[in-house]
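Residues per chain, in single letters:
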Amino acid sequence: MQQEVQKYLRYDKLPHIWCPGCGNGIVLGALIRAFAKIGCNQDNTVIVSGIGCSSRASGYLDFNTLHTTHGRALAFATGIKFARPELKVFVLMGDGDAGAIGGNHLIHAARRNIDLTAIIFNNSIYGMTGGQYSPLTPQNSRASTASRGTVERPFDLAELAKAAGATYTARATTYHTSLLTKLICNGANHKGFSLIETVTACPVAYGRRNKMGSGYDMLMWQKEHGIPVEKAKKLTPEELKGNFIIGELYKTEAPEFTEAYQQLIERI
Amino acid sequence: MSAVLPLARLMQGNEAIAEGALAAGARFFAGYPITPSTEIAEILSDKLPTLGGKYIQMEDELGSMAAVIGASLTGLKSMTATSGPGFSLKQENLGFAAMAEVPCVVVNVQRFGPSTGIPTAPAQGDVMQARWGTHGDHSIIALCPDSVQESYSLTVKAFNLSERFRTPVIILTDEVIGHLRERVCLPQPGDLPVVDRKKPPAGLKDYKPYQPGEDGVPVVANFCEGYRFHVTSLVHDESGAPSTNPVVTDKLIKRLHDKLMKNLDEIVLSEFCQTDDAEIVVVAYGAVSRSARRAVKEARAEGIKAGLFRPITIWPFPEKEIASLSRKARAIIVPEMNMGQYRLEVERAAQGNTRVTGVNKVTGELITPSEILAAIKSL
């Protein structure tokens, strides 16, 4: 397994830039294990990323990789997938990247149901710029631009994507790594737009301000607050408050954009 | 090829751009509706799928520029078309294309600004935005057609230059030329040269996608055609990996500049009309050069030695040409549908050799021949 997984990394580009305690490396680990499980072909797969800490992951992966501009990863990926539908395309984004500046591209990629696998690294904060609140920062949490706690309500990106037309949504954490690997595999094997949100820890820019302890403590927080979807069904909204649901959240079938366009070409 | 057209016909400027793109081999368009460029999108949405090509209407201008770059990285000749407000939004990823050296063509059918301005009125207010619209030092090519026929041939040229130099190329046309209908005689397929980007030979050990050739242009493989590498608009080394090394940084930025500036002979196109003995030279581009041509003809009829210099490539700036004209002419007049954006460049290149004046009209109307003639006669 070790060898199968290692071939997906650009070893000469390591060590990575992430801080001690950061969960991004765990997501990257789950991702390459998922690549191995689905037998991902490095020569017909493209990894696209946006801007932010998490989006540096593309540089460490041995594929055709594209590190884009802030928020635009899905739009670049749409161009790639539409131009060459036979390629497999993964898109790595952060929560601010996908939920704020890239929000429009997210809902429209979902609406088109274009066959992209989007993986959101949700660390609840803009980490690279030093800890400003994002659209996924929980209400009342502190950030460098919210010293008294955020007033804004956060997005649920999985719900947003589902409402916009995504045909696969799921959530895991960097504590639940086997689940995360499984969900990435399922998302990658799903035809259509799939979104897998990963709750990951940023002890430096988020945890520290919100007294959440070390990277380890934040992992334990994920363990306690991530409620499996089956268990969540038996809980009342009151009991679910302050927690989040993990697992496969939504799955359906719908026509995929590039296939539908190909059919149009063939009809002419 | 089903894009073949009858030899002579009536055609609109925007339509000629769409047809020129198809003739150049464009097979991908991503855009967003905006007046007065929309016909280009409409025509390509209809024609591209008949050639196996792709049309996508993106959610915004930012996304359409991004999709164009993504498609080009896989090897498809790709373009977008827009006007002022949309051109502002394209700037972000136009910079990406310049920095990551991704061939693509961006059409800006200029309309009156600033901001939303008068959407249906012509202007030439985006001359400087075409040069410096995206942040940071970068090189760029912008071409400026003055007829429907030239809208066609320059679109082919735009794709050729973008593939040759791996750079975004802007077609900076305007509402007058975009919506003008006139007779065109389109070349037969094969009459206009079509350039395709270079590909690296297969099986290279230690392939570096951003290692430049002698002309300063790297041979970047298309995605998933045998090489795996990283593309980023961060400063990067020859392998494509991000770098903050001052030596790497300096080398990259200077190379991006030099790859155009050291190959000007291949890039700078211009037209000289009766400039040999001209005492007064009119420097005009785009729709205004049509009025200038008429004004020069009328001035000659009155015995005034006037001439027209028309930059077709407006960026990079025709430095040599203007400098040489400035040494012979008594005065240079630069009529523009803006407050004098190009005139300042002409003044700079003329180095005080001669007087440079402008005819500047910002009413949302085309400058007329009589307005230019009046300026010629006043000197």
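Residues numbered from 1 in each chain as written. Chains lettered and ligands numbered in written order. Predicted model: local features only at pLDDT ≥ 70, side-chain atom pairs only at ≥ 80, totals over all residues. Heavy atoms only, no water.

J.: Help me understand unusual backbone geometry in this model?
T.: Glycine aside, residues mostly have negative phi angles, and peptide bonds mostly take the trans form. Here the amide bond leading from Thr35 of chain B into Pro36 of chain B is cis, since omega sits at 0 degrees, within 30 degrees of zero. In this model, Ser124 of chain A sits at a positive phi of 70 degrees, which is unusual for a non-glycine residue. Here Ser124 of chain A falls in the buried class, since its relative accessible area comes to 12%. Phi angles above zero are rare outside glycine, and Lys211 of chain A is one such case at about 50 degrees. Mapped onto the fold, Lys211 of chain A is located in the loop between helix H8 (203-207) and helix H9 (215-225). Assessed through its relative accessible area of 76%, Lys211 of chain A is described here as exposed. (Buried < 20%, exposed > 50% of the residue type's maximum accessible area, 1.4 Å probe, protein only. Helix = DSSP H or I, 4+ residues; strand = E, 2+ residues; numbered from the N terminus.)

J.: So what exactly am I meant to see when it comes to the environment of Ala130 of chain B here?
T.: All names here are of chain B. Structurally, Ala130 can be placed in helix H5 (residues 127-132). Taking the C-alpha atoms as reference points, Ala130 and Leu143, 13 residues apart in sequence, are found 10.0 Å from one another. Beyond its immediate stretch of four places on either side in the chain, Ala130 contacts Phe87, Ile140, Ala142, Ile170, Leu172 and Trp315. (Contact = heavy atoms within 4.5 Å.)

J.: Got a minute to help me understand the packing of helix H10 (residues 288-301) of chain B against helix H13 (residues 369-378) of chain B in this structure?
T.: Angle between the axes and distance between the axes: these two values describe a pair of packed helices. Residue and element names in this part refer to chain B. Interaxial distance between H10 and H13 falls to 8 Å at its minimum, and their mutual angle equals 50 degrees. In this view, H10 runs oblique relative to H13, as classed from their interaxial angle. For the pair H10 and H13, the sense of crossing is right-handed. Contacts between H10 and H13 involve Val288, Ser291, Ala292, Arg294, Ala295, Val296, Glu298 and Ala299 from the former and Pro369, Ile372, Leu373 and Ile376 from the latter. Residue classes in the contact of H10 with H13 are distributed as nine nonpolar, one polar and two charged. (Axes fitted to C-alpha atoms, helices over the stretch in contact; angles between N-to-C directions. Parallel < 35°, antiparallel > 145°, perpendicular 65-115°, else oblique. Left-handed = near helix turned anticlockwise from the far one by under 90°. Nonpolar A, V, L, I, M, F, W, Y, C, P; charged D, E, K, R; others polar.)

J.: What should I look at first to understand the interface of chain B and chain A in this one?
T.: Accessible area lost upon the coming together of the parts is a frequently used measure of interface size. Contacts between chain B and chain A engage 38 residues on the former and 40 residues on the latter. Taken over both partners, the interface formed by chain B and chain A buries close to 3100 Å², and the fraction arising from carbon and sulfur atoms is 59%. By the criterion of area lost to chain A, the three top residues of chain B are Glu59, Cys224 and Arg228 of chain B, representing 24% of everything that side buries. Taken together, the links from chain B to chain A amount to four salt bridges. The partner of Arg72 of chain A in a salt bridge is Glu92 of chain B, with the nearest N and O atoms 2.7 Å apart. Here chain B and chain A share 19 residue pairs in polar contact (both at pLDDT 80 or more) between them. Residue assignment for the side of chain B that touches chain A shows that the elements contributing at least two residues are strand E3 (54-57), helix H3 (61-73), helix H4 (84-100) and strand E10 (230-232) of chain B. When grouped by side-chain class, the residues that make up the side of chain B that touches chain A number 20 nonpolar, twelve polar and six charged. Here three bridges tie strand E2 (residues 64-67) of chain A to E10 of chain B, and the two strands are oriented parallel to one another. When the sheet's bridge partners are listed, Leu66 of chain A is paired in E10 of chain B with Val231 of chain B. (Buried area = accessible area lost by both parts, 1.4 Å probe. Salt bridge = Lys/Arg side-chain N within 4 Å of Asp/Glu carboxyl O. Polar contact = N/O pair within 3.5 Å; in protein donor to acceptor, adjacent residues only side chain to side chain. Pairing = 2+ DSSP bridges.)

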